[in-house]
Structures are given as structure tokens and as C-alpha cells.
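A look at the structure
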Amino acid sequence: MSTDQELRDLLVSRITDVPDYPKPGVMFKDITPLLADAKAFAALTDALAALCERHRADKIVGLEARGFILAAPVAVRAGVGFVPVRKAGKLPGATLSQAYELEYGTAEIEIHAEALGVGERVLVIDDVLATGGTAEASLKLIRRAGAEVAGVAVLMELGFLDGRKRLEPVLDGAPLDALIQV
């Protein structure tokens, strides 16, 4: 892609609004048409891989589940390892876990205990930054594993949900990049 605006235009053109999903009043942003378009998916992968290189990441963490889809090809393109962050109880062996608050209740995510090395620089990738709860918990997990947060990169930030504001204290100066802001 030749410009950031051309990239944004391409990506936005492949994201579909689905009204009243998963419940009335919600406008769901469906990225599956973007994933089905080879040119758009490649452009997204290239843009995220460039962020990985710019932030000198040694590994990429993908957040369950759509973050896996975006992060794995970025890791391959950037020549770094991919580490999944899963919902609690989905990973075999020794794990580190982190609970976090949801709008109604709590959730928990896990990472393999040996997946990240001390001092490794880790870029977190996800599809959407909404309230920031999962991303915040993942940053805590990365640091507990002894690694450094190189940054957070998302396809789309839903600014009206204030996820960026929630993440700022735990980013500790690491960059938060959103290719699209809604």
C-alpha cells in the first residue's frame, strides 16, 4: 500500500456493519469479508508486520480468538514467534493466568508459562480494542513472564468505549497502534 489513508480505505471497505448483533442496539464490525479478500488481508498483514519490526518485537502474542487469525501470519511475515493467549483452561501444561473485570463479571486468560523469555520484546495483536480488559490482562501476563511489552497493535479501535484510556497506565510508555479508529 502506498499511503496510510489508502490502507485505511481498503480495510474499512472490507469491514461490514451488522446491526443488532450480538444483541439489539449493538453495531457489530464483521472482519470476515476482509479476511476473505486476499489483497486486503495481505495489506493488513504487511502493516502489522511493519509495526512488529518498528517496535523491534521478538515475539507476537495473539489474543483469542480473532487475534490468532491476524497475529499468526504477521509472526510468519516478520520472522518471529507466535504465542497464543487463551481463555482459561484451554492450554495444556503449566500456565500463567490473569483474571480481569468484564462489564458484568470476570474472565480469565492464560499463556504457557515457558512461552516468553526474560527480556523478550512482545507485540500484542488483536482485531478490536473495545473496553481494553483483555489487552490489559495480556500486558500483565507478559510482564509476569519476565518479558517486555513492545506495544499493542489492533486492526480497529472503538474509541467510544475508552479502551485506550484504560490501557494507558499499563502500557507504561509502550505504543498502542490502531490502523482504524471508529
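The following paragraphs examine the structure supplied in this document. (Residues numbered from 1 in each chain as written. Predicted model: local features only at pLDDT ≥ 70, side-chain atom pairs only at ≥ 80, totals over all residues. Heavy atoms only, no water.)

Quick notes on the overall build of the chain
When helices and strands are tallied, the chain shows 6 helices and 9 strands. Radius of gyration (C-alpha) of the chain: 16 Å, near the 16 Å computed for a compact globule of 182 residues. Burial analysis of the chain (182 residues in total) assigns 45% to the buried set. Residue pairs in contact within the chain that sit at least 24 positions apart in sequence constitute 63% of those at least 6 positions apart. Just so you have it, the chain exposes about 9000 Å², and 53% of that area is on carbon and sulfur atoms. (Helix = DSSP H or I, 4+ residues; strand = E, 2+ residues; numbered from the N terminus. Rg over C-alpha atoms; globule rule 2.2 N^0.38 Å. Buried < 20%, exposed > 50% of the residue type's maximum accessible area, 1.4 Å probe, protein only. Contact = heavy atoms within 4.5 Å. Areas by Shrake-Rupley, 256 points an atom, 1.4 Å probe, with all protein chains shown as cover.)

Some remarks on the environment of Thr106
For Thr106, the position within the fold is in strand β6 (residues 105–112). In this structure the C-alpha to C-alpha distance between Thr106 and Gly133, which are 27 residues apart in sequence, comes to 9.8 Å.

With respect to helix α3 (residues 38–54)
Here α3 contains 17 residues, and its C-alpha end-to-end distance of 24 Å stays within 8% of the 24 Å for a straight helix at 1.5 Å per residue. Here α3 has its buried residues at Ala40, Ala43, Leu44, Thr45, Ala47, Leu48, Ala49, Leu51 and Cys52. The opening residue of α3, the one whose side-chain oxygen lies 3.0 Å from the backbone nitrogen of Lys39, is Asp37. The first or second residue beyond α3 is Arg56, which carries a positive phi of 55 degrees. (Expected span 1.5 Å × (residues − 1). Polar contact = N/O pair within 3.5 Å; in protein donor to acceptor, adjacent residues only side chain to side chain.)

Re the packing of helix α5 (residues 133–144) against helix α6 (residues 163–171)
Contact pair α5 / α6: the axes reach a minimum separation of 9 Å and the direction vectors enclose 10 degrees. Classified by the interaxial angle, the pair formed by α5 and α6 is roughly parallel. Only Arg166, Leu167, Val170 and Leu171 of α6 make contact with α5, whose side of the interface consists of Gly133, Ala135, Glu136, Leu139, Lys140 and Arg143. (Axes fitted to C-alpha atoms, helices over the stretch in contact; angles between N-to-C directions. Parallel < 35°, antiparallel > 145°, perpendicular 65-115°, else oblique.)

Thoughts on the nonpolar core
In globular proteins that are soluble, nonpolar side chains generally tend to be buried together. Within the largest apolar cluster, 32 residues are counted, with the highest numbers of intra-cluster contacts made by Leu11, Leu44, Leu48, Ile60, Ile125, Leu155 and Met156. Mapped onto this core, the elements with two or more residues apiece are α1 (4–13), α3, α4 (66–78), β7 (121–129), β8 (148–157) and β9 (176–181). Among the elements that make up this core, the one with the highest residue count is α3 (8 residues). Once you skip the residues sitting within four places of it in the chain, Leu11 turns out to touch Leu34, Ala40, Leu44, Leu155, Leu179 and Ile180. (Core = buried A, V, L, I, M, F, W, Y, C linked by side-chain atoms within 4.5 Å.)

Some points on the sheet that holds strand β5 (residues 95–102)
Reading across the sheet, the 7 strands line up as β5-β6-β4-β3-β7-β8-β9 and stay open at both edges, with mixed pairing between neighbours. Of all the strands in the sheet, the pair left with one neighbour each is β5 and β9. Ignoring strand direction, the axes of neighbouring strands in this sheet form an average angle of 20 degrees. By the bridge criterion, 2 bridges tie strand β4 (residues 81–87) to β6 in an arrangement that is antiparallel. By the bridge assignment, Arg86 is partnered in β6 with Glu110. Of the strands in this sheet, β3 (59–63), β7, β8 and β9 are in contact with α3, which crosses β9 at around 160 degrees. (Pairing = 2+ DSSP bridges.)

Some points on a nonpolar patch on the surface
A grouping of Phe160, Leu161 and Val182 is seen on the molecular surface, where their side chains present a nonpolar patch of about 290 Å² in accessible area. One can find Val182 in the segment after β9. Val182 gets classed as partly exposed once you look at its relative accessible area, which sits at 41%. (Patch = residues over 30% accessible without salt bridge, like charges linked within 9 Å, V, L, I, M, F, W, Y side chains within 5 Å. Salt bridge = Lys/Arg side-chain N within 4 Å of Asp/Glu carboxyl O.)

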